[in-house]
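# Analysis of the macromolecular model
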Amino acid sequence: MTNEKDTVNHSRRRFIKKSGLVVGGTLLGTFIGTSVQGNNQQSPPPPTSEKKNYNRALKFFTRREDFDTLSAATERIFPEDENGPGAIQLGVPYFIDHELASGYGHNDREYMKGPFFLGSEFQGYQSPLKRRDLFLKGLRKIEEVSKNDYNASFVDLEDEQQDELLTKFEEDKVEIKGVKASFFFNTLISATFSGAYADPLYGGNADMEGWNMKEFPGAQMSYLNEIEEENFIKKGPIALNDHM
Amino acid sequence: MVTKLDKVDVVVVGIGWAGGIISAELAKQGLKVVGLERGKYKTTEDYQMVHDEYRYAVRYELMQDLSKETITFRNNPDEQALPMRQLGAFLLGTGVGGASTHWNGDTWRFLPYDFELKTMTEKKYGKNKIPNEYTIQDWGITYDELEPYYDKFEKTAGTSGEESPLGPPRKNPYPNPPMKTTPMLELFTKSAKNLGLHPFRLPSGNLSQTYTNPDGQTLNQCQYCGFCEKFGCEYGAKSTPVVTVIPTAEKTGNFDLRPYSNVTGIIHDGKKAAGVRYVDVQTGEEFEQAADVVVLTSYTMNNSKLLLLSELGRPYDPKTGDGVTGKNYCYHITAKATGFFKDKYNASMGAGALGVTVDDYNGDFFDHTDLDFIHGGSISIKQLGKRPILENAVPKGTKVWGKEFKQQSIKYYNRSIAAWAQGTSLPHRNNYISLDPTYKDAYGLPLTRLTYDFTEHDAKIFHFLTDRIAEIIEEMGAELVEKGEISEHFDIVPGWNDHITGGVILGDNPETSALNNYLQMWDAENVFVIGASAFPHNGGYNPTGTVGALAYRAAEGIQKYLEKGGQLVKANLKNKLA
């Protein structure tokens, strides 16, 4: 079985390399068809939980309590339900931690030069605050509001109370210095969905369970032989790891 | 210390579709061409890890690095413009291949009506149909004159399509048949026909079969993998310069492509250009490249910026209406309706331009006598291939996070279908491009300043087309149909489309246009400016087909100019309208 998998992956790699050159036409479709079929016959990889996952440690957050607030908030945004796992089980908080340590957290490909003015509501983000600082400020504000309003840590609140508190952020009923609470919250929502559905290479979407819930087949190479099909085709997803 | 480089025949600024076409056509004629591209060199091999929604569609891997250069934006001339700090409303490409690396491939011809918009509108509906503040004008070229160049572009690109039943005359059929069809497209087609409309297959730059173009470049068959817009194609199956005109230029031995070269200005004496200045962005070294002809092909924003920075041409002034550079900036009006269906579709499968279109509400295919707007737009359903991070259609009223959102977004992932329109955007005297007085790019040069707001006409087109799309979706049997909305003012954040046009427009009169119909500057005979920047207004289709046709036209013009010099077109001087 291992050998078979290796063969498939090697031919895939060879193919991708070759596709950069001029490839003869008729061969192409057949070749890809075979390659993808071969891949579908692989047994699924063992669930991550069975093995120790060294990726799950913090490279941005320095305080465990900030990370716990983040985890609880993402779980309310994307909760576990009858469809499948929620943000925590998918690894979303780790995804966000790792992204905040990277270019995303530093707004590295965005224009961050001054002068800064508030601007109209149609002119977009206009703050020197980087995402890594935005998250820290926002998460600590969540905890602060929780202690003020409920006399308890956010992580210890009931689900309904957590939702009620987050809704205050959504509706700008909370003040965060220098940035709108709704901007922080919308950024947190986007990051949560990214962590739930991005390729598992980023540390979220554990075992491709995010994709399974949406019946998204992942990084398939080709649908040439299926695109015309009348009925819905349920395909187990594959990740970029399969393209290596 | 600036290094001066030996003179060449032609220097081209920006190597996307327009720059690639110019380079290929002129290098084939034996001319020495230097191509300067600010971004990196990319080919098909660079897309082996491309099926990654987060990297390419969320984090914008292929787009312009805004930390180096962005634009500033305001809705009207009385506001303070502020930097577009993050990408949103439109995406700007970068690198060899430019924005066409990440395009979807919709390859359209504009309508005969577009090229003579002012004349034909006034003839049929009178002079007062459109208020004076809309600066519409004819293009100085007709559809029939441009037809052979459209044909040439489609053959280079390998466009796969079928003739529109309402469309303008074509001398030749598309070089390739339409792509495969799908149940979703069939349902749209049947429903549109039920409503008396004329659906046809969208002309696509995702190839229906393997094809070798007239330059001997082979494009492969599309694999319907669902990763097209915002992504590069790892199969070389999408019409891009990287698999067509760039290798064609390279194989002549006459094309010197220099990536990482950011052009900062045109050297000129007010009448003719001597070359361009550029910075090697990896070393900081500065160069001057002398050339007989300077060609700007650096997308709508940069084409205007380079002319304004270099003080070549006459900047547009919205107060007086004088000047031309920066004038007639237009966007595209993207109307949309979404249907929520009972059955599941294979929504993850698809391709960027896999679609069906109706033209019945485009151009002047319907009578506007009793309507308070002109023109319209093409309505298309496209099976792009859904991806899970950004595709979360839920019925209105659903909270945008939490339990209910999760359930609904999962339920409708394969059960929602949207159709879209590319709606015409007319120019308005207050919508224009200029230089920002405050903010600078990484080279210390002013940022481009965009002043733009939706016009009343834009909103009318939007609402009209939205209602027409909703009728089709309703006929398709959706359990629920929801219409898209347009914001009160143009907002720089939510993504619509990347079809930004105008700023360096063509026409027949130097008083109202920057270029003649060979894309040659009226004010500098050896400078040619190519792109959607040349459109006097934006029509009811995606712009790339027309950019390609204009580039082939310009390539012919440059050859003529190098042979005999001077202005290639006689100016039609007439009294400017108030």
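Residues numbered from 1 in each chain as written. Chains lettered and ligands numbered in written order. Predicted model: local features only at pLDDT ≥ 70, side-chain atom pairs only at ≥ 80, totals over all residues. Heavy atoms only, no water.

With that out of the way, let us pick up the sheet that holds strand β18 (residues 446-451) of chain B. Residue and element names in this part refer to chain B. Read across the sheet, four strands follow the order β4-β3-β18-β17 without closing on themselves; strand pairing throughout is mixed. What marks the edges here is a single partner per strand, and that holds for β4 (82-83) and β17 (432-440). As defined by bridge partners, strand β3 (residues 71-74) adjoins β18 across four bridges and the pair is classed as parallel. Within β18, the residue paired with phenylalanine 73 across the bridge is leucine 450. Packed onto the sheet, helix α8 (residues 299-309) meets β3, β17 and β18 and runs at close to 70° relative to β17. (Pairing = 2+ DSSP bridges. Helix = DSSP H or I, 4+ residues; strand = E, 2+ residues; numbered from the N terminus. Contact = heavy atoms within 4.5 Å. Axes fitted to C-alpha atoms, helices over the stretch in contact; angles between N-to-C directions.)

On to the UniProt feature "domain: Glucose-methanol-choline oxidoreductase N-terminal" (unreviewed entry) in chain B, then. The UniProt feature table records "domain: Glucose-methanol-choline oxidoreductase N-terminal" (unreviewed entry) at residues 217-332 of chain B. A distance of 32 Å separates the end C-alpha atoms of residues 217-332 of chain B, which is 16% helix and 32% strand. (UniProt positions renumbered as here; feature names shortened; annotations may be inferred.)

A few words now on the interface of chain A and chain B. The partner chain B presents 82 residues to the 84 residues of chain A that form the contact. Between chain A and chain B lies a buried interface of about 6,800 Å² when both sides are counted; carbon and sulfur atoms form 56% of it. Broken down residue by residue, the surface that chain A buries against chain B is led by Arg109, Tyr111 and Phe122 of chain A, which jointly contribute 14%. Taken together, chain A and chain B are joined by six salt bridges. The shortest N-O distance in the salt bridge between lysine 399 of chain B and glutamate 170 of chain A comes to 3.0 Å. Taken together, the connections running from chain A to chain B amount to 39 residue pairs in polar contact (both at pLDDT 80 or more). When residues of the side of chain A that touches chain B are traced back to their parent elements, those giving at least two are α1 (2-19), α2 (25-40), α3 (64-77), α5 (92-100), α6 (103-106), α8 (159-170), α9 (181-197) and α10 (209-214) of chain A. Take the side of chain A that touches chain B: its biggest share by element is five residues, from α9 of chain A. (Buried area = accessible area lost by both parts, 1.4 Å probe. Salt bridge = Lys/Arg side-chain N within 4 Å of Asp/Glu carboxyl O. Polar contact = N/O pair within 3.5 Å; in protein donor to acceptor, adjacent residues only side chain to side chain.)

Glancing now at the pattern of salt bridges. This structure, assessed with the given rule, holds 44 salt bridges over all chains. Here glutamate 143 of chain A ties to lysine 147 of chain A by a salt bridge, and the two come within 3.3 Å at their closest N and O atoms. Of this pair, glutamate 143 of chain A and lysine 147 of chain A both sit in helix α7 (residues 131-150), four residues apart, which is roughly one turn of that helix. Glutamate 143 of chain A gets classed as buried once you look at its relative accessible area, which sits at 16%. Two residues, glutamate 25 of chain B and lysine 28 of chain B, come together in a salt bridge whose shortest N-O distance is 3.0 Å. Placement of both glutamate 25 of chain B and lysine 28 of chain B in helix α1 (residues 17-28) is noted, with a separation of three residues, approximately one turn of the helix. Exposure remark for glutamate 25 of chain B: the relative accessible area of 7% places this residue in the buried category. Ionic contacts of the salt-bridge type, sharing partners, join the residues Glu25, Lys28, Lys152 and Asp215 of chain B into one network. (Buried < 20%, exposed > 50% of the residue type's maximum accessible area, 1.4 Å probe, protein only.)

Residues given the UniProt feature "domain: Glucose-methanol-choline oxidoreductase C-terminal" (unreviewed entry) here are residues 427-551 of chain B. Between the first and last C-alpha atoms of residues 427-551 of chain B the distance is 22 Å; the span itself is 22% helix and 20% strand.

All names here are of chain A. Look at the link from glycine 114 to proline 115: it is a cis peptide, with omega at 0°. Relative to the elements of secondary structure, proline 115 occurs in the loop between α6 and α7. If you check the backbone angles, aspartate 207 has positive phi at about 55° while not being a glycine. Among the secondary structure elements, aspartate 207 is positioned in the loop between α9 and α10.

To continue, consider the nonpolar core. In this structure, Ile22, Val295 and Leu515 of chain B are the most contacted members of the largest nonpolar core, which totals 90 residues. No other element matches the nine residues that helix α11 (residues 544-564) of chain B contributes to this core. Judged by nonpolar contacts, the second largest core, of 63 residues, contains Val92 and Leu139 of chain A together with Leu62 and Phe227 of chain B. (Core = buried A, V, L, I, M, F, W, Y, C linked by side-chain atoms within 4.5 Å.)

All names here are of chain A. Here α8 is 12 residues long and its end C-alpha atoms lie 16 Å apart, about the 16 Å a rise of 1.5 Å per residue gives. Where α8 is buried, its residues meet α3, α7, β1 (175-176) and α9. Aspartate 172, located one to two residues past α8, shows a positive phi value of around 55°. (Expected span 1.5 Å × (residues − 1).)

For any two aromatic rings, the description comes down to two numbers: the centre-to-centre distance and the angle of the planes. Applying the stated criterion across every chain yields a total of 42 aromatic pairs over all chains. Here phenylalanine 185 of chain A and tryptophan 401 of chain B contribute two aromatic rings whose centre-to-centre distance is 5.1 Å and whose plane-to-plane angle is 80°, an arrangement assigned as edge-to-face. In this pair, phenylalanine 185 of chain A is assigned in helix α9 and tryptophan 401 of chain B in the loop between β15 (377-382) and α9 (403-411), connecting two distinct chains. Of the two residues examined, phenylalanine 185 of chain A and tryptophan 401 of chain B, each falls in the buried class. Aromatic pair phenylalanine 462 of chain B and tryptophan 496 of chain B: ring centres 6.4 Å apart, planes at 90°, arrangement edge-to-face. Here the residue phenylalanine 462 of chain B occupies a position in helix α10 (residues 456-475), and tryptophan 496 of chain B occupies one in the loop between β19 (480-483) and β20 (501-503), the gap between them amounting to 34 residues. Through successive ring pairs, a cluster of aromatic residues spans Phe73, Phe90, Tyr329, Tyr331, Tyr452, Phe454 and Phe490 of chain B. Geometry around tyrosine 104 of chain A places arginine 131 of chain A over its ring, the cationic atom sitting 4.5 Å from the centre. The ring of tyrosine 174 of chain B carries arginine 170 of chain B above its face, with NZ or CZ at 3.7 Å from the centroid. (Phe/Tyr/Trp six-rings, centres within 6.5 Å; stacked < 30°, edge-to-face > 60°. Lys NZ or Arg CZ within 6 Å of the ring centre and 35° of its normal.)

Let us look at the environment of histidine 51 of chain B. Mapped onto the elements, histidine 51 of chain B comes out in the loop between β2 (33-36) and α2 (53-58). Residues histidine 51 of chain B and glycine 232 of chain B lie 181 residues apart in sequence; the distance between their C-alpha atoms is 9.3 Å. Discounting chain neighbours no more than four positions away, the residues touching histidine 51 of chain B are Ala219, Gln220, Met221, Leu240 and His243 of chain A together with Cys225, Phe227 and Glu234 of chain B.

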